[in-house]
Amino acid sequence: MVAALAAAMAAVFLWGCGAFQDIRPQAEEAADERIYIQDNGEMVIVGFSQIGSESIWRTANTNSIQRALTKERGYFLITDNARQKQENQIKAIRRYISQRVDYIVLSPITESGWDTVLEEAREAGIPVILADRCVDADASLYTTWVGTDSFQEGEKAGRWLEENLKEKNRLYEDINIVILQGTPGSSAERGRTEGFASVASRYGNWHILDCQSGDFTTAKGKEIMEQFLASYPDIDVVVSQNDDMTFGAMEAIAEAGLTMGVGGDIALISFDAVKEALELVRKGKINVDIECNPEQGEYIHRVIQKLEQGLAVEKAYEVEEMVFTYRNVTEYLDKRTY
Ligand code: AHR
């Protein structure tokens, strides 16, 4: 294991040192080809700092990046799993800088605390591509961002509730809401909380009884939902900021002897739209699932292709996302791979 790691590191150093001789521009569409063909056969080294593996979504996101940045396309990809700790991500970035990788892909656990290490990457001349979540650092400290608009996701959740209550003629009734939040301080948590609040604030009769973090995990989601149920006897709506927490919340609700979903005691609004959750949407157990698209690898590949060709890239690339209810979910279910 240690020997294999040492060999990989040595390879990284060797590949990392040369300058590219010949850049052959390619059409963006030629995604299956190598990023470009070089006389000396050098590869493009990418250090990827992933947050962890807290959710089904996260694993799908890691897979998407690993599927896109392959050896066949000319990449040497080093992936680090930070196990939910920002300090591990910072260590990984420093390691990538000392290994002189060509690009750093960072999926930042929280928004704040990145300025120093991003400054170090800039001084080393290594472009940083942010993936999935955002940072609150100066935009000059990273090259581009490929991810999802969490505020818009939260807003979509609020608008769904608005429409649903309208359909039932309940828009002006008192509605009790609890929110299972994701990792505190992450752009996914902040965006979804603020986006939902932007709609909720228009209705004095929507009462947000409580917001607690379930850390984007099933176990914590269940634990927090149990506390909500013990504290609030009349919950109408659960806004759960990812599917994994929703699975935990569903267990807690069932154990409390209540029903959920379409026509149930408690309406469930979830985020991510992984296959397992979409099955539950189809069955009417989850009312709505706001998609957060983990398929970001191809976008990152295309960004690197452009940069390798010396072309300018945008400061932000948003992946496409949908909203699923029992009305539209069936046609998408078969195509879901994660
Ligand atoms: O940042 C995206 C969020 O992180 C997803 O909603 C969640 O499942 C993941 O862990």
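Refer to the structure above for everything that follows.
Predicted, not measured: the structure shown is a model, and the values here were computed from it.

Participant: Is there a simple way to think about the environment of Ser112 in this case?
Facilitator: Note on placement: Ser112 falls in the loop between β3 (103-106) and α4 (115-123). Measuring from C-alpha to C-alpha, the distance between Ser112 and Gly185 comes to 7.6 Å, with 73 residues separating the pair along the chain.

Participant: Even after reading the chapter, I still don't get the site of the ligand, so can you show me in this structure?
Facilitator: Surrounding the ligand, one finds Glu54, Ser55, Trp57, Arg58, Asp132, Arg133, Ala188, Arg192, Phe216, Asn242 and Asp272. In this structure, an oxygen atom belonging to the ligand sits 2.3 Å away from a side-chain N or O atom of Glu54. Here an oxygen atom of the ligand sits 2.8 Å away from a polar atom, N or O, in the side chain of Arg133. Against a free-state accessible area of 280 Å², the protein chains account for coverage of 99% of the ligand. Among the secondary structure elements, those contributing two or more residues to the shell around the ligand are α2 (56-68) and α6 (187-200). Within the shell around the ligand, the residues separate by chemical class into 3 nonpolar, 2 polar and 6 charged. Of the residues that make up the shell around the ligand, three or more belong to each of domain 1 (2-6 + 150-292 + 328-332) and domain 2 (14-147 + 293-320).

Participant: It is not clear to me how the nonpolar core should be interpreted in this structure. Could you clarify?
Facilitator: Grouped burial of nonpolar side chains is what soluble globular proteins tend to show. The biggest cluster of nonpolar side chains holds 31 residues, and the ones touching the most others in it are Met225, Ile235, Val238 and Ile253. Breaking this core down by element, the ones donating at least two residues are β6 (175-181), α7 (218-231), α8 (243-255) and α9 (275-282). Among the elements that take part in this core, α8 stands out by supplying 6 residues, more than any other. Sequence-distant contacts of Ile235, that is, excluding residues within four places in its chain, are made with Asn176, Val178, Met225, Phe228, Leu229, Asp265 and Ile266.

Participant: Help me understand the sheet that holds strand β9 (residues 267-272), please; the structure alone is not making it clear to me.
Facilitator: Strand order in the open sheet formed by 6 strands is β7-β6-β8-β9-β10-β12, and the pairing between neighbours is mixed. Two strands in the sheet have a free side with no partner beyond their single neighbour: β7 (206-213) and β12 (323-324). Of the strand pairs in this sheet, strand β10 (residues 288-291) and β12 are connected by 2 bridges, and their pairing is antiparallel. Residue Ile290 lies in a different strand from β12, and its bridge partner there is Val323. Relative to β9, α8 is tilted by about 155°, and along the sheet it contacts β6, β8 (237-240), β9 and β10.

Participant: Quick question: what am I supposed to make of the sheet that holds strand β2 (residues 75-81) here?
Facilitator: Within a sheet, each strand pairs with its neighbour through backbone hydrogen bonds, oriented either parallel or antiparallel. With parallel pairing, the 6 strands of this open sheet are ordered in space as β2-β1-β3-β4-β5-β11. Edge strands, defined here as strands with exactly one partner in the open sheet, are β2 and β11 (316-318). Between one strand axis and the next, the sheet turns through 20° on average, direction left out of account. Here 4 bridges tie strand β1 (residues 44-50) to β3, and the two strands are oriented parallel to one another. Within β3, the residue paired with Val46 across the bridge is Tyr103.

About the criteria used
- Residues numbered from 1 in each chain as written.
- Predicted model: local features only at pLDDT ≥ 70, side-chain atom pairs only at ≥ 80, totals over all residues.
- Heavy atoms only, no water.
- Helix = DSSP H or I, 4+ residues; strand = E, 2+ residues; numbered from the N terminus.
- Near = heavy atom within 4 Å.
- Polar contact = N/O pair within 3.5 Å; in protein donor to acceptor, adjacent residues only side chain to side chain.
- Areas by Shrake-Rupley, 256 points an atom, 1.4 Å probe, with all protein chains shown as cover.
- Nonpolar A, V, L, I, M, F, W, Y, C, P; charged D, E, K, R; others polar.
- Domains from an automatic or database assignment.
- Core = buried A, V, L, I, M, F, W, Y, C linked by side-chain atoms within 4.5 Å.
- Buried < 20%, exposed > 50% of the residue type's maximum accessible area, 1.4 Å probe, protein only.
- Contact = heavy atoms within 4.5 Å.
- Pairing = 2+ DSSP bridges.
- Axes fitted to C-alpha atoms, helices over the stretch in contact; angles between N-to-C directions.

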